[in-house]
Amino acid sequence: MVSLAEGFGFNTNLLETNILNLAVVLPLVFSLGKDTLTSILDNRREKILSSLRSADDRFKQAQLELDAAKSELALAAEKVKEIQREGQKTMEALRLEETKRYEELHQRFDELKEETIRLEEEKVVKTFRQQLISVAFEKAIEGIRSRMDEKLHRKYIDAKIALMN
């Protein structure tokens, strides 16, 4: 080490020189850079706090929107359930109405069938009667013709003429 009596010189001991340099530089850095560093740190802290407040506000807004969306979803789900219940009621009413119409139609067909059978029976009976009357009439005419002689025939014609006058 160089002594003070000798004048200005270089200290080659690294440990002593670093401590001396630090002892001189650090108070200078602290005194000059304190305000700048404090200002930079304050600005950074304000930006971080502002970002946090903004993020918190956005989170609160998103939470409100989420709550509103959940509420709308619950309302929509309730509406879907109501529509399903109404659809079930409507389907049941339609099913009952269709069953009733089917039964009425079936009853009408049965009535028409019975009416058709009755009409066909009447038609057959009428045809049978007409045939029976025709046969009976033909046999009666044959019987009359076979029994009628000329004398009886004249009497019959005279009686008919008399009835006309």
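Above: the structure in question.
Definitions and limits used
Residues numbered from 1 in each chain as written. Predicted model: local features only at pLDDT ≥ 70, side-chain atom pairs only at ≥ 80, totals over all residues. Heavy atoms only, no water. Helix = DSSP H or I, 4+ residues; strand = E, 2+ residues; numbered from the N terminus. Buried < 20%, exposed > 50% of the residue type's maximum accessible area, 1.4 Å probe, protein only. Areas by Shrake-Rupley, 256 points an atom, 1.4 Å probe, with all protein chains shown as cover. Expected span 1.5 Å × (residues − 1). Salt bridge = Lys/Arg side-chain N within 4 Å of Asp/Glu carboxyl O.

It is not clear to me how the overall build of the protein chain should be interpreted in this structure. Could you clarify?
From N to C terminus, the protein chain includes 2 helices and 0 strands. In the protein chain, buried positions account for 1% of the 165 residues. Of the roughly 15,900 Å² of accessible surface on the protein chain, a fraction of 62% belongs to carbon and sulfur atoms.

It is not clear to me how helix α2 (residues 150–164) should be interpreted in this structure. Could you clarify?
Along an α-helix, a turn takes 3.6 residues, which lines up residues three or four apart on a common side. If you check α2, its first and last C-alpha atoms are 21 Å apart, about what 15 residues at 1.5 Å a residue would give, namely 21 Å. A small share of α2 lies buried, amounting to 0 of its 15 residues.

For this particular structure, what's the right way to read the pattern of salt bridges?
For side chains bearing opposite charge, pairing can occur when the charged atoms are close. For the structure on display, the rule yields 9 salt bridges. Salt-bridge contacts for Arg 45 lead to Asp 42; the nearest nitrogen and oxygen are separated by 2.6 Å. Note that Arg 45 and Asp 42 are positioned in helix α1 (residues 14–147) at a spacing of 3 residues, about one turn of the helix. Residue classification places Arg 45 among the partly exposed positions, given a relative accessible area of 46%. Overall, the relative accessible area of 31% leaves Asp 42 in the partly exposed class. For Glu 98, the salt bridge goes to Arg 101, with nearest N and O atoms at 2.8 Å. Of this pair, Glu 98 and Arg 101 both sit in helix α1, 3 residues apart, which is roughly one turn of the helix. According to the relative accessible area criterion, Glu 98 is partly exposed, its value standing at 47%.

No statement about biological role is implied by the geometric values presented.
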